[in-house]
Amino acid sequence: KNGILSMFKFFRLQNVTVDGFIFKNCAGSGIQMDLCKNVTIKNCEFYNMKYHGINSMGGRGITIDNCNIHDIGLSGVICTGGNLQNLTSSGNIVTNSRFIRCTKSNPSESQAVLIAGVGNTVSKNLFRDNGICVQMNGMNSTVEYNHFYANIRDVEDFGVIYAYRDYLSAGNSI
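Per chain, residues are indexed from 1 in the order of the written sequence. Restriction of local features to residues with pLDDT of at least 70 applies here, the model being predicted, together with a cutoff of 80 or more for giving and counting side-chain atom pairs; totals for whole chains, interfaces and linings are based on all residues. The basis for every side-chain value is the complete set of heavy atoms in the structure, and neither hydrogens nor water enter the calculation.

## Thoughts on the side chain of Ser 97
Our working definition: Secondary structure follows DSSP: runs of H or I at least 4 residues long count as helices, runs of E at least 2 residues long count as strands, and numbering of each begins at the N terminus. Definition of a polar contact: a pair of N or O atoms within 3.5 Å, with one able to donate and the other able to accept a hydrogen when the atoms are protein atoms, and with sequence-neighbouring residues admitted only if both atoms are side-chain atoms. Residue contacts are counted whenever heavy atoms from the two residues lie within 4.5 Å of one another.
Following the sequence through the fold, Ser 97 ends up in the loop between strand E11 (93-95) and strand E12 (98-100). A distance of 3.4 Å separates a polar atom in the side chain of Ser 97 from the backbone nitrogen of Asn 66. Those residues in contact with Ser 97 that sit more than four places away from it in its chain are Ile 64, Asp 65, Asn 66, Cys 67, Lys 124, Asn 125 and Leu 126.

Quick look at the structure:
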């Protein structure tokens, strides 16, 4: 009601760990975080979400670790942060997680993981049966040591890692 579709909605939350929860069967997102700092989400499972598993906008020090994220309508994780004007890193990390059958509702317009801003890292994850796996927007971000298997079966002209060609995408590492 009144546009609140997420199971957990955090605004300017700091220094918190969410550990071992199961988020399922939601008409929106599992967790939505806006302008949060030093939040860790670990050992959680997200599935049957209409929108996103985790949507973190404008965060710093956000860590998503060892989560199972599957059967998601749009994006498994959206993680934005950092400052493009002065290149201050967000320090956001998505690691050791499994992304399976994300992007089910719109495989050509959503991704298993979207990182945007400055200084985001996607490392040591498994991606299977998704559309676009990782989309990189912004600068000085890293995508490393991930395993991609049986992705991009329902769309054309895409790659498992999708990045833009513009001045605001410099310094990224794959």
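## Concerning the sheet that holds strand E3 (residues 22-26)
Which entries qualify depends on this criterion: Paired strands, as defined in this entry, are two strands with at least two bridges between them according to DSSP. To get an axis, fit a line to the C-alpha atoms, keeping to the stretch in contact for a helix; angles then go from 0 to 180 degrees between the N-to-C directions.
Pairing is parallel in the open sheet, where 6 strands are placed in the order E3-E6-E9-E12-E15-E18. Across the chains shown, the open sheet's two edge strands, defined by having one partner strand only, are E3 and strand E18 (147-149). Taken pair by pair, the neighbouring strands of this sheet meet at an average axis angle of 5°, ignoring direction.

## Quick word on the nonpolar core
The line we're drawing: Nonpolar cores were defined as sets of buried Ala, Val, Leu, Ile, Met, Phe, Trp, Tyr and Cys residues, with membership established by side-chain atoms within 4.5 Å. The buried label applies to any residue whose accessible area, calculated with a 1.4 Å probe on protein chains only, is under 20% of its type's maximum; exposed applies above 50%, and partly exposed to all values in between.
With 32 residues, the main nonpolar core has Met 33, Ile 41, Phe 46, Ile 69, Val 77 and Phe 99 as its most contacted residues. Elements with a contribution of two residues or more to this core: E3, strand E4 (31-34), strand E5 (37-42), strand E6 (45-49), strand E9 (68-72), strand E10 (77-81), strand E13 (111-118) and strand E16 (132-139). Beyond its immediate stretch of four places on either side in the chain, Val 77 contacts Ile 54, Ile 64, Ile 69, Val 94, Phe 99, Ala 112, Val 113 and Leu 114.

## Side note on the pattern of salt bridges
For clarity, the cut-off: Salt bridges are defined by distance alone: a side-chain nitrogen of Lys or Arg within 4 Å of a carboxyl oxygen of Asp or Glu.
In the structure shown here, the tally under the stated rule is 3 salt bridges. In this structure, Asp 71 engages Arg 101 in a salt bridge whose closest nitrogen and oxygen atoms are separated by 2.7 Å. On the criterion of sequence distance, the pair formed by Asp 71 in strand E9 and Arg 101 in the loop between E12 and E13 is long-range, its members being 30 residues apart. Judged by its relative accessible area of 14%, Asp 71 falls in the buried class. In this structure, Asp 129 engages Arg 128 in a salt bridge whose closest nitrogen and oxygen atoms are separated by 3.5 Å. For Asp 129, a relative accessible area of 29% translates into the label partly exposed. Residues participating in the shared-partner salt-bridge network are Asp 71, Arg 101 and Lys 104.

## A few points about the sheet that holds E4
Read from one edge of the open sheet, 7 strands run E1-E4-E7-E10-E13-E16-E19, paired in parallel fashion. Both edges of this open sheet fall to strand E1 (8-11) and strand E19 (161-163), since each of them pairs with a single strand only. Ignoring which end each strand starts from, the neighbouring axes of this sheet average 10° apart.

## A short note on the pairing of E10
The element E10 is largely enclosed, with a buried count of 5 among its 5 residues. The alternating pattern of E10 places Val 77, Cys 79 and Gly 81 and Ile 78 and Thr 80 on opposite faces, both of which are buried. Here strand E7 (residues 54-57) runs beside E10; their pairing, made up of 3 bridges, is parallel. If you follow Ile 54 over to E10, its bridge partner there is Val 77. As judged from the 5 bridges shared by E10 and E13, these two strands associate in the parallel manner. Note on E13: the bridge partner recorded for Ile 78 is Leu 114.

## Things to note about unusual backbone geometry
The backbone phi angle of Asp 71 is positive, close to 55°, even though this residue is not glycine. One non-glycine residue with positive phi stands out, namely Asp 129, at about 60°. Within the secondary structure layout, Asp 129 lies in the loop between strand E15 (126-128) and E16.

By themselves, these observations are geometric and do not establish any function.
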